[in-house]
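# Coordinates in review
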Amino acid sequence: MGNDVLLYVPNVIGYIRLILLFVAFCKIDHPNWCLLFYIISISLDALDGIAARHLNQTSAFGAWFDIWIDLIGRGMLWSYVYNWGYFMIAIEWTVFVCTHSQAGGKWKSEAQQAPLIVQKIMEKSEPFYTQMKGVVNNM
């Protein structure tokens, strides 16, 4: 992987998403502002995949980075709104590590090599995806 992949448009969108998540977290005591920054971030999540495909800028790093940002955002929310939020995000991170370490970019289709609990989580579909991402993937 050359360093040029770090400046691919979808990855730059990812950096913007991270900044927006950080601002949302800083504004967590102001729900309207927090929600605004979070919604902008998840809206950009749909655009990075579209940009990657249209600009032919797909990469293993980009696939990993996109999901990593998703987990950061959901982890922030899980931990804030739910007493067991840390446990929920730990499960998501476990699925991420197990599926990406073995399958890389084919993680959705090759989860059967992961530990049993990860296989059970992944067998019904993509349980932790946002609704917007599911819509975009079906376009």
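Quantities reported herein were computed from a predicted structural model and do not represent experimental measurements.

A few words now on the overall build of the protein chain. Along the backbone of the protein chain there are six helices and zero strands. Helices (α) and strands (β) of the protein chain occur, in sequence order from the N terminus, as α-α-α-α-α-α. Counting only residues that meet the buried cut, the protein chain has 38% of its 139 residues in that class.

What follows covers the confidence of the model for the protein chain. Here the protein chain averages 78 in pLDDT, and 69% of its residues register 70 or above. For the protein chain, per-element mean pLDDT is lowest for helix α6 (residues 131–137), which scores 40, and highest for helix α1 (residues 9–26), which scores 95. Taken together, the stretch residues 127–139 has pLDDT below 50 and engages in 22 contacts with residues farther than four places along the chain or on a different chain.

Before going further, it helps to spend a moment on the packing of aromatic side chains. This structure, assessed with the given rule, holds six aromatic pairs. An angle of 15° between the planes, with centres 5.2 Å apart, marks the rings of Phe61 and Phe65 as stacked. Residue Phe61 and its partner Phe65 are both found in helix α3 (residues 60–81); the two are separated by four residues, about one turn of the helix. Seen in terms of ring centroids, Phe65 and Trp68 are 6.1 Å apart; in terms of plane orientation they differ by 15°. Their pairing is stacked. Of the two residues, Phe65 and Trp68 are both situated in helix α3; the distance of three residues between them amounts to about one turn of the helix. When its relative accessible area of 6% is taken as the criterion, Phe65 is described as buried. The structure contains a cluster of three or more aromatic residues connected by ring pairs, namely Tyr15, Phe61, Trp64, Phe65 and Trp68.

Procedures and definitions
Residues numbered from 1 in each chain as written. Predicted model: local features only at pLDDT ≥ 70, side-chain atom pairs only at ≥ 80, totals over all residues. Heavy atoms only, no water. Helix = DSSP H or I, 4+ residues; strand = E, 2+ residues; numbered from the N terminus. Buried < 20%, exposed > 50% of the residue type's maximum accessible area, 1.4 Å probe, protein only. pLDDT = per-residue confidence, 0-100. Contact = heavy atoms within 4.5 Å. Phe/Tyr/Trp six-rings, centres within 6.5 Å; stacked < 30°, edge-to-face > 60°.

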